[in-house]
Amino acid sequence: MTCISFFQCPLLNISYCPPTEVDLSRGKSFVIVVYNALGWKREDVVRIPVTSESVTVRDSSGREIESQLLPLSSASLNIRNYHVKAYLGKSPSDTPKYWLAFSASVPPLGFSTYTVSGTKTGGASLSKSTVHGHGTLEVGQGNLKLTYDVHQGKFTQYINRRSMVKAPLQQSYSYYTGYDHSDQDPQASGAYVFRPNGTFPLRSGSKVPVTVLRGPVLDEVHQQVNEWIHQITRVYKGKEHAEVEFIVGPIPIEDKLSKEITTKISTTLKTNKTFYTDSNGRDFIKRVRDYRTDWDLQVNQHIAGNYYPINLGIYIEDDKTELSVLVDRSVGGSSLMDGQVELMLHRRLVHDDSRGVAEALNETVCVADKCTGLIIQGNFYLRIDPVGEGAKWRRSFGQEIYSLFLLAFTEQDGDNWRSSHVTSFSGMDPSYSLPDNVAMLTLQELVDGKVLVRMAHLCEMGEDKDLSRMARVELKKLFPYKKIGEVTEMSLSANQERAEMERKRMVWKNEGSSEVKAKVVKGGALDPAKLIVELGPMEIRTFTIDFGGH
């Protein structure tokens with residue numbers, strides 16, 4: 001039996017991946033195993049750093065697929081060189097020249113393999129252009145187009161030809177300064193207290209050209225907002241959303257001012273003070289600016305009092321259109337003006353707020369006795385839909401953000417990988433996938449050989465005309481290669497059987513309320529013969545499965 005060593009790249013987010021940064025000009029190649037943890041087939045773009053400009057990508061069947069090379073930006077290279085030395089204690093020996101991008105298609109709960117090798121002719125395409133001066137430009141492939149004002153260096157319009165959406169759109173950066181502590185006002189802005197003391201727009205000190213990269217997989221637009229903010233906007237082939245990557249930091253504090261960096265996305269939507277933010281990635285809660293439904297709000301901090309935690313996303317809507325913004329990390333956000341969404345991307349503060357940590361929120365990274373403020377590199381994703389049609393994207397794509405492709409790398413031994421290895425696999429029945437409104441939250445082998453499965457309905461009642469219906473999951477097709485013996489429904493935390501929990505549930509008497517609450521739709525009991533799990537809107541159910549048992 002041949003032992004195969006697979007490697008992962010935990011520093012891929014800073015463009016460092018030694019298994020892919022090899023010289024492919026002498027017949028070498030490497031294999032990428034792409035794993036999909038979701039319960040439905042998924043297509044997404046894989047991006048890895050490479051050193052060669054003559055490469056080709058082949059899929060699980062050996063067919064050459066479309067791929068694209070994009071030069072690494074100077075901002076990405078600076079992050080790579082500095083942070084690799086910070087994390088590993090040494091500088092990287094080689095510097096990749098490009099990102100290699102290709103579209104990977106992976107079956108549900110399974111993997112596909114892709115082979116990257118050198119080539120003398122053809123291979124990945126590379127296209128680059130830099131735009132100066134005035135006028136407009138359009139980027140995007142397929143239905144989605146973004147229009148840019150070259151002189152301002154900002155996008156001005158979002159166009160989706162499929163949904164017939166054509167909407168003005170602008171983005172800007174700014175920062176809040178924080179209160180410091182004084183004898184008259186001792187409460188400073190700090191780690192636990194957001195207390196802004198003025199808003200200041202961020203503009204580049206000199207005109208920086210917009211750099212556009214075009215290719216068969218995606219288009220990229222690079223913009224330098226100022227010396228410490230860099231932005232890359234991507235539009236992928238076949239996708240109907242824009243991905244915005246931001247690199248923010250180190251935030252300068254030589255002026256001794258606390259700074260909290262935000263970006264604002266502005267539209268002409270008439271939102272009437274209303275916006276929606278998620279609650280721990282589940283329900284979207286209606287928010288009304290300067291208002292609370294259950295008490296009379298006295299507004300003392302207009303900005304901080306309208307900020308909310310955002311784990312999945314935020315959206316606004318009027319009677320015609322809705323703007324959705326999803327995030328890849330927990331941030332703060334709000335809609336402080338009608339038609340506008342604001343996200344806080346980074347904070348660096350110089351005062352302690354006296355709430356327990358006894359230090360200012362001023363984190364640094366140190367290399368060779370030199371310390372600099374943290375650099376934040378992340379993404380947010382935006383899309384505009386006709387009103388009522390954005391929920392499906394928010395729920396499905398939100399799961400893709402949460403469960404990214406997992407990549408593993410290994411060298412190819414000669415050219416016989418496909419003949420000696422399984423190149424594509426799905427743990428589910430080949431004809432089956434989970435419903436679009438169901439996510440598998442947990443799939444865990446227990447110590448006694450049983451398996452713990454936790455599934456969630458992704459939509460709320462009335463959120464989507466199709467996806468808010470009852471969902472059904474067929475366990476026999478979910479585990480086609482196993483004989484299911486006994487299935488036991490558990491409590492959400494799986495520490496007791498649901499039947500036992502229901503017997504111990506306390507019954508509360510409600511007084512003083514005549515309000516009729518909407519009936520909660522829940523799935524029925526599991527039929528031990530059919531083994532079909534029903535899930536009502538927002539319902540989460542947990543089961544232990546004993547294979548080949550009683």
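Per chain, residue numbering runs from 1 following the sequence as it is written. It should be noted that, the model being predicted, local features are given only for residues of pLDDT at least 70 and side-chain atom pairs only at 80 or more, the latter also being counted only at that level, while totals for whole chains, interfaces and linings use all residues. Each side-chain value is derived from all of the structure's non-hydrogen atoms; neither hydrogens nor water enter the calculation.

Before going further, it helps to spend a moment on the sheet that holds strand E34 (residues 451-457). Strands belonging to one sheet form pairs held by backbone hydrogen bonds; the direction of such a pair is parallel or antiparallel. We call two strands paired when DSSP finds no fewer than two bridges between them. Numbering goes from the N terminus for both helices and strands, where a helix is a DSSP run of H or I of at least four residues and a strand is a run of E of at least two. If you walk across this open sheet you meet the four strands as E33-E34-E38-E36, and the pairing is antiparallel. Looking at the sheet topology across the chains shown, the edges are occupied by strand E33 (438-445) and strand E36 (484-490). If you compare each strand with its neighbour and ignore which way they point, the axes differ by 25° on average. Note: E33 against E34, seven bridges, orientation antiparallel. By the bridge assignment for E34, Leu-443 is matched with Val-453. All axes are obtained by fitting lines to C-alpha atoms, using only the stretch in contact for helices, and the reported angles, taken between N-to-C directions, cover 0 to 180 degrees.

The next thing to look at is the layout of surface pockets. Buriedness for pockets is judged along seven lines, at least five of which must meet protein on both sides within 12 Å for an open set on the 1 Å grid over protein atoms alone, while cavities are sets there where a 1.4 Å probe fits but cannot get out, and lining residues have an atom within 4 Å of a point. Grid points are joined across faces, edges and corners, and a volume is the space filled by probe spheres set on the points. Computed from the structure, the second largest pocket encloses a volume of approximately 930 Å³. In terms of lining residues, the second largest pocket is bounded by 32 residues, among which Glu-43, Gly-238, Lys-239, Arg-383 and Glu-400 are the most central. When residues in the lining of the second largest pocket are grouped by element, the largest group, five residues, is from helix H2 (residues 391-402). Throughout this entry, Asp, Glu, Lys and Arg are counted as charged residues, while Ala, Val, Leu, Ile, Met, Phe, Trp, Tyr, Cys and Pro are counted as nonpolar. The remaining residues, Gly among them, count as polar. Along the lines of polarity and charge, the residues of the lining of the second largest pocket split into nine nonpolar, five polar and 18 charged.

Here we take up the domain arrangement of the protein chain. You'll often see interface size given as the accessible area lost when the parts meet. Domains assigned within the protein chain are domain 1 (7-125 + 401-425), domain 2 (133-387) and domain 3 (430-507 + 518-546). Domain extents, as shown, originate in an automatic or database domain assignment. Spacing between the C-alpha centres of domain 1 and domain 3 amounts to 35 Å. Listed by partner, the interface residues are five residues for domain 1 and 11 residues for domain 3. We define buried area as the total accessible area lost by two parts upon association, computed with a 1.4 Å probe and summed across both. Taking both sides of the interface into account, the surface hidden between domain 1 and domain 3 amounts to around 500 Å²; carbon and sulfur atoms contribute 75%. Three residues stand out in domain 1 for area buried against domain 3, namely Gly-39, Trp-40 and Leu-109, and they jointly supply 76% of the buried area on that side. Criterion for a salt bridge: a side-chain nitrogen of Lys or Arg within 4 Å of a carboxyl oxygen of Asp or Glu. Joining domain 1 to domain 3, the criterion identifies zero salt bridges. N or O atoms within 3.5 Å of each other form a polar contact, as long as, within protein, one can give a hydrogen and the other can take it, and as long as residues adjacent in sequence are counted only when both atoms are side-chain atoms. Where domain 1 packs against domain 3, one counts one residue pair in polar contact (both at pLDDT 80 or more). Among the residues making up the side of domain 1 that touches domain 3, the classes are represented as four nonpolar, one polar and no charged. By definition, residues are in contact when any of their heavy atoms lie within 4.5 Å.

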